[in-house]
Amino acid sequence: MLQFHFYDGRVVSYACSDIREMQKRDAGHIELSVYGMEKYRLTIKGRNLNELFDLLQLGRIKSMTELGPRTFDYPEESPAIDSITIETLTGPSQF
């Protein structure tokens, strides 16, 4: 399972086998297409996410934590997830 921990305390999990596509637009934007009981697009925004993308492709990530708006004193050069958005897709497959 791949877990997403949100800054407000929520935790959402998806089976790793349900991930159908991964896209990296740049070092601060990753999109995952999940196709399970529903179709979802997960958008991960932050900074320095190149290594996270590589580890996701290898199946070496078990969880991700959203830092949220109240995170202070986090080094600029360190990888950071600022927001995770989950969008439910409907209609024909968009993957």
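This text goes with the structure placed above it.
Keep in mind it's a predicted model, so treat the numbers as computed, not measured.

What counts, and where the lines are drawn
- Residues numbered from 1 in each chain as written.
- Predicted model: local features only at pLDDT ≥ 70, side-chain atom pairs only at ≥ 80, totals over all residues.
- Heavy atoms only, no water.
- Pairing = 2+ DSSP bridges.
- Helix = DSSP H or I, 4+ residues; strand = E, 2+ residues; numbered from the N terminus.
- Axes fitted to C-alpha atoms, helices over the stretch in contact; angles between N-to-C directions.
- Contact = heavy atoms within 4.5 Å.
- Salt bridge = Lys/Arg side-chain N within 4 Å of Asp/Glu carboxyl O.
- Buried < 20%, exposed > 50% of the residue type's maximum accessible area, 1.4 Å probe, protein only.

Asker: How do you make sense of the sheet that holds strand 7 (residues 80–89) when you look at a structure like this?
Answerer: Either a parallel or an antiparallel arrangement is found when strands of a sheet pair, and the pairing is made through backbone hydrogen bonds. One open sheet accounts for four strands, arranged 3-4-5-7; its pairing is antiparallel. The open sheet has two edge strands, strand 3 (19–26) and strand 7, and neither has a second partner. When strand polarity is set aside, the average angle formed by the axes of neighbouring strands in this sheet is 15 degrees. Sheet topology note: the strand 4 (residues 29–35)/strand 5 (residues 39–47) ladder contains seven bridges and is antiparallel. Residue pairing for strand 5: Ser 33 is matched across the bridge by Arg 41. On top of the sheet, helix 1 (residues 50–57) reaches strand 3, strand 4, strand 5 and strand 7; it is set at about 160 degrees to strand 3, its chief contact.

Asker: Would you explain the pattern of salt bridges in this entry?
Answerer: Pairs may arise between side chains of opposite charge once their charged atoms sit close together. As enumerated under the stated definition, the model contains four salt bridges in all. Measuring nitrogen to oxygen at the nearest pair gives 3.1 Å for the salt bridge that ties Arg 10 to Asp 8. Between Glu 87 and Arg 41 there is a salt bridge; the shortest N-O distance is 3.2 Å. Residue Glu 87 is located in strand 7, and its partner Arg 41 is located in strand 5; the two are separated by 46 residues in the primary sequence. The exposure class assigned to Glu 87 is partly exposed, which follows from its relative accessible area of 38%. Connected through salt bridges with shared partners, the residues Glu 31, Arg 41 and Glu 87 form a single ionic network.

Asker: How should the sheet that holds strand 6 (residues 63–65) be read in this particular structure?
Answerer: The strand order across the open sheet formed by three strands is 2-1-6, and the pairing between neighbours is mixed. Looking at strand neighbours, the two that pair on one side only are strand 2 (11–14) and strand 6, the edges of this open sheet. Between one strand axis and the next, the sheet turns by 15 degrees as a mean value, whatever way the strands run. In terms of strand pairing, strand 1 (residues 2–5) meets strand 6 through three bridges, oriented parallel. Bridged to Phe 4 within strand 6 is Met 64.

Such coordinate-based values are descriptive only and should not be taken to indicate function.
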